[in-house]
Amino acid sequence: MTKVYFYATSEKEMRLLNRQDPDSFLGIHDHFSGEIATSYIYLKKAGLDCEVINTIPEEGIVFADKKSFDKTLLEIKKYLGRPTRFYKYPGGNAMLIAMKSDLQFYPPAHINIVHNAVDFQKNRNSIWNPYYLVFPWPQPGLIPRLKERDCLVENVAYLGDQSQLAEELKSDKWRDALSSLGCKWWPILEPKKWNDYSNIDVVIAARSFDGKPYINKPANKLINCWRTGVPAIVTPESSILAEKKSDLDFLLVNSLDEAISAVSKLKSSPDLYANMVSNARERAKDFTVEKGCERFMKFFEEFAFPTYNEWIKLTESQKKTLFWRRCSKLKLDNFKDRTINSLIERFF
């Protein structure tokens, strides 16, 4: 079996990777602790032959998030009078795997792991060599909703960054509407509190009400609701719609008024609430740590290891060509996005 190296670039990251308990990451909110360090701990316990390193080796599979790789493989140079990002070619027989998260594809990586099924479908069979893995791990220290709250609908919460909350949910209209229903608005913005669902009755996850698919975002907010037995009110993000199997999985809304109606519906329908809680517990069975380990081990055994065996057969020239093609693809995609956004702003 090929050795898998988890890449860390600082003493802090090394310490995180060498912890034994993922719940110790409670309150630490970044891609590294949330995905890479947690993955290392769970997968090492599951039997993956892996270790922590802080330099890129000459051979083997090197696994990290984009930001960690950037600390070694990204340079900022002056180009045409302005600062420009340039990626270094890593060289050798080390094959990089980047956890893309909600960022861009990463040119130095030969495999990019994505957490959104639509993102995967859009880019499958492309030079990015993507592999879809549903976000595998629960929020550190996750505390389920108290069973004694039964079908009570009183505390309506949002858990996440303020920047990722729809503007309409920051309005007096929203607060006043919840108050008239006998509910309280709980925007939980501190990462160290994102694990505690014990007194939450409903979660709303809405970045906006403009119908954007957010194809770079995972469905982890919804999945954590299933894990904790809390009904979710969501907007039609692509990752969330991809996970739908039943009308009981979540309540879908497209506006503030629909969000208010959804809370009212749960408040006045104890049977609906109870059925959604029961369904959540069933859906959560597909997203246990054990299931996450199974999916990850399948990724390595059926995709990453065979890909590496083909990778080491390539000449240095072929590897460099792939690298520069990915760099060019990223620049072209960024140019297209800027052009489209500029036209939208100009004419709409």
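Anything mentioned here points back to the structure above.
The residue numbering used here restarts from 1 in each chain and proceeds along that chain's sequence as written. It should be noted that, the model being predicted, local features are given only for residues of pLDDT at least 70 and side-chain atom pairs only at 80 or more, the latter also being counted only at that level, while totals for whole chains, interfaces and linings use all residues. With hydrogens and water set aside, each side-chain value is computed from the structure's full complement of heavy atoms.

Visitor: Residues and numbers for the sheet that holds strand E12 (residues 232-234), please.
Guide: Two strands form a pair only when DSSP identifies at least two bridges running between them. The helix and strand labels rest on DSSP assignments: H or I over at least four residues marks a helix, E over at least two residues marks a strand, and numbering proceeds from the N terminus. Overall, parallel pairing links the 5 strands, which are arranged E10-E9-E11-E12-E13 in an open sheet. Looking at which strands have only one partner, the edges of the open sheet turn out to be strand E10 (184-188) and strand E13 (251-252). Sitting on the sheet, helix H8 (residues 256-268) touches strand E9 (155-159), strand E11 (202-205), E12 and E13, and the angle it makes with E12 is about 160°. Here, residues are in contact when the closest pair of their heavy atoms is within 4.5 Å. To obtain an axis, a line is fitted to C-alpha atoms, over the contacting stretch when the element is a helix, and the angle between two such axes runs from 0 to 180 degrees between their N-to-C directions.

Visitor: Which residues make up the packing of aromatic side chains, and what values do they have?
Guide: Aromatic ring pairs are described here by two measures, namely the spacing of the ring centres and the angle between the planes. Aromatic pairing here means that ring centres of Phe, Tyr or Trp (its six-membered ring) are within 6.5 Å. Orientation follows from the plane angle: under 30 degrees is stacked, over 60 is edge-to-face, and everything else is tilted. Counted under the stated rule, the structure contains 21 aromatic pairs. Aromatic side chains Phe6 and Tyr40 sit 5.2 Å apart centroid to centroid with 65° between the ring planes, which places their arrangement in the edge-to-face category. On the criterion of sequence distance, the pair formed by Phe6 in strand E1 (residues 4-7) and Tyr40 in helix H2 (residues 31-45) is long-range, its members being 34 residues apart. A residue is classified by how much of its surface remains accessible, and Phe6, at 0% relative accessible area, is buried. Ring pairing ties together the aromatic residues Phe6, Tyr40, Tyr42, Phe63, Tyr131, Trp137, Phe296, Phe299, Phe300, Phe303 and Phe305, which thus form one cluster. Criterion for a charge above a ring: Arg CZ or Lys NZ at most 6 Å from the ring centre, at most 35 degrees from the ring normal. Of note, Lys100 hangs over the ring of Phe105, and the distance from its end group to the ring centre comes to 4.9 Å. Partly exposed residues are those whose accessible area sits between 20% and 50% of the maximum for their type, while under 20% is buried and over 50% is exposed, using a 1.4 Å probe and protein chains only.

Visitor: Provide a residue-level description of the pattern of salt bridges, including the pertinent values.
Guide: Take a side-chain nitrogen of Lys or Arg and a carboxyl oxygen of Asp or Glu: if they are within 4 Å of each other, that pair is a salt bridge. Counted under the stated rule, the structure contains 20 salt bridges. Where Asp119 meets Lys100, a salt bridge forms, and the shortest distance between an N and an O atom there is 2.8 Å. Pair noted here: Asp119 is in helix H4 (residues 117-123) and Lys100 is in the loop between strand E6 (93-99) and strand E7 (111-114), with a separation of 19 residues, a long-range link. In terms of burial, Asp119 and Lys100 fall into one category: buried.

Visitor: Explain the sheet that holds E1 to me, and be specific about the residues and the numbers.
Guide: Reading across from one edge, E2-E1-E3-E6-E7-E8 is the order of the 6 strands in this open sheet, with parallel pairing throughout. Lying at the two open borders of the sheet, with one neighbouring strand each, are strand E2 (50-53) and strand E8 (130-132). If you compare each strand with its neighbour and ignore which way they point, the axes differ by 30° on average. Pairing of E6 with E7, which is carried by 3 bridges, proceeds in the parallel orientation. Residue pairing for E7: Ile97 is matched across the bridge by Ile111.

Visitor: Tell me about the packing of helix H5 (residues 172-180) against H8, and name the residues and values.
Guide: For the pair H5 and H8, interaxial distance at closest approach is 10 Å and the crossing angle is 20°. Here H5 lies roughly parallel to H8, going by the angle between them. For the element pair H5 and H8, the recorded crossing hand is right-handed. On H8, the residues touching Lys173, Trp174, Ala177 and Leu178 of H5 are Leu256, Asp257, Ala259, Ile260 and Val263. The classification used treats Ala, Val, Leu, Ile, Met, Phe, Trp, Tyr, Cys and Pro as nonpolar, Asp, Glu, Lys and Arg as charged, and all other residues, Gly among them, as polar. In the contact of H5 with H8, the residues fall into 7 nonpolar, no polar and 2 charged. Working definition: roughly parallel below 35 degrees, roughly antiparallel above 145 degrees, roughly perpendicular at 65 to 115 degrees, and oblique for all remaining angles. Handedness of each helix crossing follows the sense of rotation of the near helix against the far helix: counterclockwise by less than a right angle gives left-handed, clockwise gives right-handed.

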